[in-house]
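Given next are the chains, with one letter for each unit.
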Amino acid sequence: MPDHPTRIDLIRNIERALRDESLQRQMGKAMPASRRARADAVAELPEWESLRSAAAGIKDHVLADLEKYLRQLESQISALGGTVHWAFDAAEARAIITDLARSRGVRRIVKSKSMTTEEIFLNPALEAAGARVVETDLGEYVVQLAGERPSHLIAPVVHKPTEEIADLFVKKLGVPRYERPEELARVAREVLRAEFLAAEMGITGVNFAIAESGTLVIVENEGNARLTTARPRIHVAVMGVEKVLPQLADLSVFLRILARSGTGQRASVYVSLLTGPRRAGETDGPEELHLIILDNGRRRLLADPDLRGALRCIRCGACQNECPVYQHAGGHAYGSVYAGPIGAVLTPAYEGLERARDLPFVSTLCRACADVCPVKIDLPGMLVELRARAVRTGLASWRDRMLVGAWTFFTRSPARFMLAGSLGRLAQRLVARGGKIERLPYPLSGWTAHRTAPVLASTPFRTWWKSRQGEGR
Amino acid sequence: MKPVALFVTCLVDQLYPRVGEAAVRVLERAGCTVAFPEEQTCCGQAAFNNGFQEEARVLARRFLDVFADAPAIVAPSGSCADMVREWYPHLFRDAPALLDLARSVASRTFELSEYLVRVLGVTDLGARFPATVTYHPSCHGLRGLGLRDEPLGLLRAVRDLRFVELPAAEQCCGFGGFFSIKFAALSGAMLSAKLDTIEASGAEVVTATDVSCLMHISGGLSRRCSRVRALHLAEILAGS
C-alpha cells in the first residue's frame, strides 16, 4: 500500500481543530511565546540580515552542485569506516534500516528526534520487524506514548497541554500524577535511561552533514541525541540529500540562525559533531556508523526552478510559529509530517498536488513566514506558484472556477462592472436589512457565517466622479 | 500641482465610494491634481491569489493599458498597490514586450499613505478627528510595501485624535481574499483573535489602509454588535 493514498481532507481537519478548545488554548499560548522568544533573540544581532543572506547563499551553492558534495561526503564517511546507503524513496530507506536491524540481531532501538524518519514512517516498519523502538526526545516520547504524530518541526508535542501529558503518564506509565513539566521530565528521564542502556541501535536525524570532513552534526537541547549516538553499538543516521554543507566553517552561520529562529536561544544546549564510528584505541562511540541519504522527492524538487528554494529549509519551525493559520489549525490538520507554510509547499511537492491540492490555498499570503525564514525561502511565492499549478492541472473546485469566472467576467470592462453593480443592487434588496447583510446564499454563505456583509453603495465612486466633473468642481 | 491617477480599486468603487471620495480630497489637499481614468476596473489580485493567473493576466493587461502613461498611480489600498508592484512583473516575466511596461507601471504605483509621506513628504494634512483610534497594519502594505511609519505618522498629525496601540498589531486579520470564503471558519477564528485585540485596545475606531481587511473586520465587529467602527485611513485624513 502506498504511504499517501488519499486526498488530505483539509477542511474537515481544520474544523476539527477549531472545535478542539484545549488545542486552541494551548496554541494560543505557545505560538505567541515562541514568536516573542525568536524576535528577542534575533533583535540582539545587528548582523541578522547578513546571516540570513549568507545562509541562503551557502544553501544555494550546495544545491547547485549537490551531487559533488554528496559524493565527497560519502567518500569521507567511508574513509572514516562508516557506511553510506542511498535510498531513493521511503520504502527503500525503511528496507535498508530494517535489514540492518535484522541482520545484526537488534531487538532494542532508541531514537532521537528526526522529522526525516517520520517522513518515511520508520517506527512501524521497525516494530513490524520485531524491534522495540523508543523515542527519547521528551516531546517525541510523549507523542509516541499517545500514539500520535509530531505536530511541529521542533516542538512535536506543542499541541498538547501539560495536564493531558500528566494524564497520559499516569495511564501509560502507571506513575502518580505529576503536573509540573520538570517532574514529568524526571519521570521520562528515568524510563528512558534504562532504554539507552539496553539499546543496541541508536537512530538519529542529521541537522548538517559536512562534506569536507564527513562530520554529522546534530543539534538538540536534551542530550538524548548525544546518548543515542554514544551508547548503542550501532548508530544509524538518516538525512535528506539537502542536508549537506561544504565545510565545517559553514556551521558558524547555521548554528546561530537555527538556535535563534527555532527556540529563541543564543545557542542550542548540545551540538554533537560526529566524525566516523569508534576508532581503534577509543573507548566510546558506536562500533558501526550507517548514514542513510534519502531522496524521496528531493531531487525532483531540485529540478523545479520555482520551488527548489524550499530545499534550503533547516527545519527550524519559525514559519510555523509565525503563521496565524498554523496557530489556529494546528500541525495535524495539514495531514502530513511537515505542517505550516513549509509543509504547504513540501507536502504537494513530495506527495503530489492531487493529494495535497488544498494545502497551498490555506494561507492568507500574509507573508509573516517569509519575514522570519532564516534561509529566506520565498514561501508565499511558492504557494502562489502551487496554486497556479493546481488551477492549470484542473484541480480547482467548481466553486472556485465559478467565483473567479464571474469576477473576471464582470471586471473585464467598466460597462460590465457597472452592470454587475446594478444587478447586485437589485439582488441585495432580497437580503439586505438596515444597510447590511447577515445571510448570503451559496457560494458566499461562508462569508456571512462569520461576518456581516456590506451592501453595494447606492452611488458607485465612478458615478460620483462623473457628477463632480460635470459640476466643474 | 502634482498630477496623479487614482486607482480607486474595485471594492471601493462599488462598496465604499466614500473612501474613494476621501482619497480624492486628501490628495487634493496635499497639492495633487487627481485624474480618474474611467476605463479602470480591478487589478486582478482576487483571481491571481486564487491561482487563476490567466484570468489575472487579462485584468493586469487592462490595468497596464489604462495606466501606461500616468505619472503616478495612487491606490487607497496597500494590497492592490502591492499586487501591481510585486506580481505584475512576475505575471509578465515570459512576455518581454509587456514586462518593461509592467516594471515601469509598477515603479509608478503607490499606496496612498506611501505616496503622501514618501513621495510628497507630507504628514500633516490639517485633518481633525476627535476619537480614540487604533491602527491595523494590513499585511501587504506592511510586509509587501514596508509601510510602518507612514500611516502612523499621518495619524499622529491629526488634531484631536487619540492614538492607542493595537496589541499583536502585525498579526494577519484572516481575510486573504477567497480564503475568507473557502476557509470561512478558519478565517473567522483569525478574525476573532484580531477583534479581541481591537476591543482590548480601547479604541472607538480601527483604521487601516485597505478596505478589504476593513470589510472583514467591520463585518466581524458588526456581527459582535461592537461599538468600535472601522474606517479607512483616508476617511480619517479627510476629516475636518
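What you see as residue numbers is a count from 1 along each chain, following the sequence as written. Note on labels: chains are lettered from A, ligands numbered from 1, in written order. Under the rules for a predicted model, residues below a pLDDT of 70 receive no local features and side-chain atom pairs below 80 are neither given nor counted, while totals for whole chains, interfaces and linings still include all residues.

1. Notes on the overall build of chain A
Put simply, the rule reads: Each helix corresponds to a stretch of at least 4 residues labelled H or I by DSSP, and each strand to a stretch of at least 2 residues labelled E; elements are numbered beginning at the N terminus. With C-beta atoms placed from the backbone, a residue is buried if 20 or more other C-beta atoms are within 10 Å of its own, exposed if 12 or fewer are, and partly exposed between those counts. We call two residues in contact whenever the C-beta atoms placed from their backbones are within 7 Å.
In terms of regular secondary structure, chain A is built from 22 helices and 13 strands. Seen through its C-alpha atoms, chain A measures out along the principal axes to roughly 95 × 55 × 50 Å. The buried share of chain A, taken over its 473 residues, is 49%. The long-range fraction of contacts in chain A, counting pairs at least 24 apart against all pairs at least 6 apart in sequence, stands at 73%.

2. Let's talk about the overall build of chain B
Stated formally: Radius of gyration means the value over C-alpha atoms here, while the globule rule gives 2.2 Å times the residue count to the 0.38 power.
Scanning chain B for helices and strands turns up 13 helices and 8 strands. For chain B, the C-alpha radius of gyration of 17 Å lies close to 18 Å, the compact-globule estimate for 240 residues. Dimensions of chain B along its principal axes, counting C-alpha atoms only, are 50 × 45 × 30 Å. The buried share among the 240 residues of chain B stands at 61%. Long-range contacts, defined as pairs at least 24 residues apart, comprise 78% of the intrachain contacts of chain B with a sequence gap of at least 6.

3. What to know about the sheet that holds strand E12 (residues 436-437) of chain A
Residues and elements named next belong to chain A. To keep it simple, the criterion reads: The pairing criterion is simple: DSSP has to find at least two bridges between the two strands.
Across the sheet, 3 strands lie side by side as E11-E12-E13; this open sheet has antiparallel pairing. What marks the edges here is a single partner per strand, and that holds for strand E11 (432-433) and strand E13 (453-454). Pairing of E12 with E13 involves 2 bridges; the strand directions are antiparallel. When the bridges of E13 are listed, Ile437 appears paired with Ala453.

4. Brief notes about the sheet that holds strand E5 (residues 128-135) of chain B
All names here are of chain B. The following threshold applies: Only the stretch in contact is used when fitting a helix axis, every axis being a line fitted to C-alpha atoms; angles between N-to-C directions are given from 0 to 180 degrees.
Spatially, E6-E5-E7-E8 is the arrangement adopted by the 4 strands of the open sheet, whose pairing is parallel. Whereas interior strands pair on both sides, the edge strands pair on one side only; in this sheet they are strand E6 (159-163) and strand E8 (229-232). Averaged over all adjacent pairs, the angle separating strand axes in this sheet is 40°, with direction ignored. Both E5 and E6 contribute to a ladder of 4 bridges, which runs parallel. Considered in E6, the bridge of Arg128 is made with Arg159.

5. Some details on the interface of chain A and chain B
Heads up, the rule is: Any residue outside Ala, Val, Leu, Ile, Met, Phe, Trp, Tyr, Cys, Pro, Asp, Glu, Lys and Arg is labelled polar, Gly included; the first ten of those are nonpolar and the last four are charged.
Counting residues at the interface gives 50 residues for chain A and 53 residues for chain B. No other element matches helix H19 (residues 398-410) of chain A, which puts 5 residues into the side of chain A that touches chain B. Class assignment of the residues belonging to the side of chain A that touches chain B gives a composition of 31 nonpolar, 10 polar and 9 charged.

6. A short note on the domain arrangement of chain A
Let me state the cut-off plainly: Domain segmentation is taken from an automatic or database assignment of domains.
Splitting chain A by domain gives domain 1 (1-44 + 308-396), domain 2 (66-296) and domain 3 (414-470). Computed over C-alpha atoms, the centres of domain 2 of chain A and domain 3 of chain A are 58 Å apart.

7. Observations regarding the pairing of strand E10 (residues 288-294) of chain A
All names here are of chain A. Counting buried residues in E10 gives 6 out of 7 residues, a clear majority hidden from the surface. Where strand E1 (residues 83-87) meets E10, 5 bridges bridge the pair, whose relative direction is parallel. Counterpart to Val84 in the pairing with E10 is Leu291. Pairing of strand E7 (residues 234-240) with E10, which is carried by 7 bridges, proceeds in the parallel orientation. When the bridges of E10 are listed, Gly240 appears paired with Leu294.

8. Overview of the confidence of the model for chain B
We count it as follows: Confidence scores labelled pLDDT are given residue by residue by the predictor and lie between 0 and 100.
Taken over all residues, the pLDDT of chain B has a mean of 97, while the share at 70 or more is 100%. The ipTM value of the predicted complex is 0.97, and its pTM value is 0.96.

9. Concerning the domain arrangement of chain B
Residue and element names in this part refer to chain B. Partitioning chain B into structural domains gives domain 1 (2-117) and domain 2 (124-237). The C-alpha centroid of domain 2 is placed 22 Å from the C-alpha centroid of domain 1. At the interface, 28 residues of domain 1 touch 24 residues of domain 2. Elements that contribute at least two residues to the side of domain 1 that touches domain 2 include exactly helix H1 (10-14), helix H2 (17-29), helix H3 (45-49), helix H5 (78-91) and helix H7 (112-119). By residue number, the principal contributor to the side of domain 1 that touches domain 2 is H2, which donates 6 residues. For the side of domain 1 that touches domain 2, the residue count by class is 15 nonpolar, 7 polar and 6 charged.

10. A few points about helix H3 (residues 48-64) of chain A
As a reminder, the rule being used: Expected span, for any helix, means 1.5 Å times one less than how many residues it has.
With 17 residues, H3(A) should reach 24 Å at 1.5 Å per residue; the first-to-last C-alpha distance of 24 Å fits that figure. Of the surrounding secondary structure, the elements contacted by the buried residues of H3(A) are helix H4 (66-79), strand E8 (244-245) and helix H12 (251-262) of chain A.

11. Details of the environment of A:Pro443
Along the polypeptide, A:Pro443 turns up in the loop between E12 and helix H21 (445-450). For A:Pro443 and A:Arg233, which are 210 residues apart along the polypeptide, the C-alpha to C-alpha distance reads 61 Å.

12. Here we look at helix H8 (residues 138-145) of chain A
Residues and elements named next belong to chain A. Burial runs high along H8: 7 of the 8 residues are buried. Along H8, the residues that are buried comprise Leu138, Gly139, Glu140, Tyr141, Val142, Val143 and Gln144. On its buried face, H8 sits against strand E3 (132-135), helix H9 (162-173) and helix H10 (181-198). After H8 finishes, the residue Gly147 shows a positive phi value of roughly 70°.

13. Some thoughts on the packing of H5(B) against helix H6 (residues 96-107) of chain B
Residue and element names in this part refer to chain B. Our working rule: Geometric relationships in this document are graded by angle, where less than 35 degrees denotes roughly parallel, more than 145 denotes roughly antiparallel, 65 to 115 denotes roughly perpendicular, and other angles denote oblique.
Running from amino to carboxyl end, H5 crosses H6 at an angle of 170°, the nearest separation of the two axes being 8 Å. Between H5 and H6, the crossing angle belongs to the class labelled roughly antiparallel. Of the residues in H6, those in contact with Val84, Arg85, Tyr88 and Pro89 of H5 are Leu99, Ala102, Arg103, Val105 and Ala106. Per-class residue counts for the contact of H5 with H6 are 7 nonpolar, no polar and 2 charged.

14. What about unusual backbone geometry?
Residues and elements named next belong to chain A. A cis amide bond, omega 5°, links Tyr442 with the succeeding residue Pro443. A positive phi is found at Arg367, a non-glycine position, where the angle reads about 70°. Its place among the elements puts Arg367 in the loop between helix H16 (340-351) and helix H17 (368-372). By C-beta crowding, Arg367 is classed as buried, having 23 other C-beta atoms within 10 Å. At Lys376, a residue that is not glycine, the phi angle is positive and equals roughly 55°. One can find Lys376 in the loop between H17 and helix H18 (379-392).

15. Section: the environment of B:Arg156
Positionally, B:Arg156 belongs in helix H9 (residues 149-156). Assessed through the 12 C-beta atoms surrounding it within 10 Å, B:Arg156 is described here as exposed.

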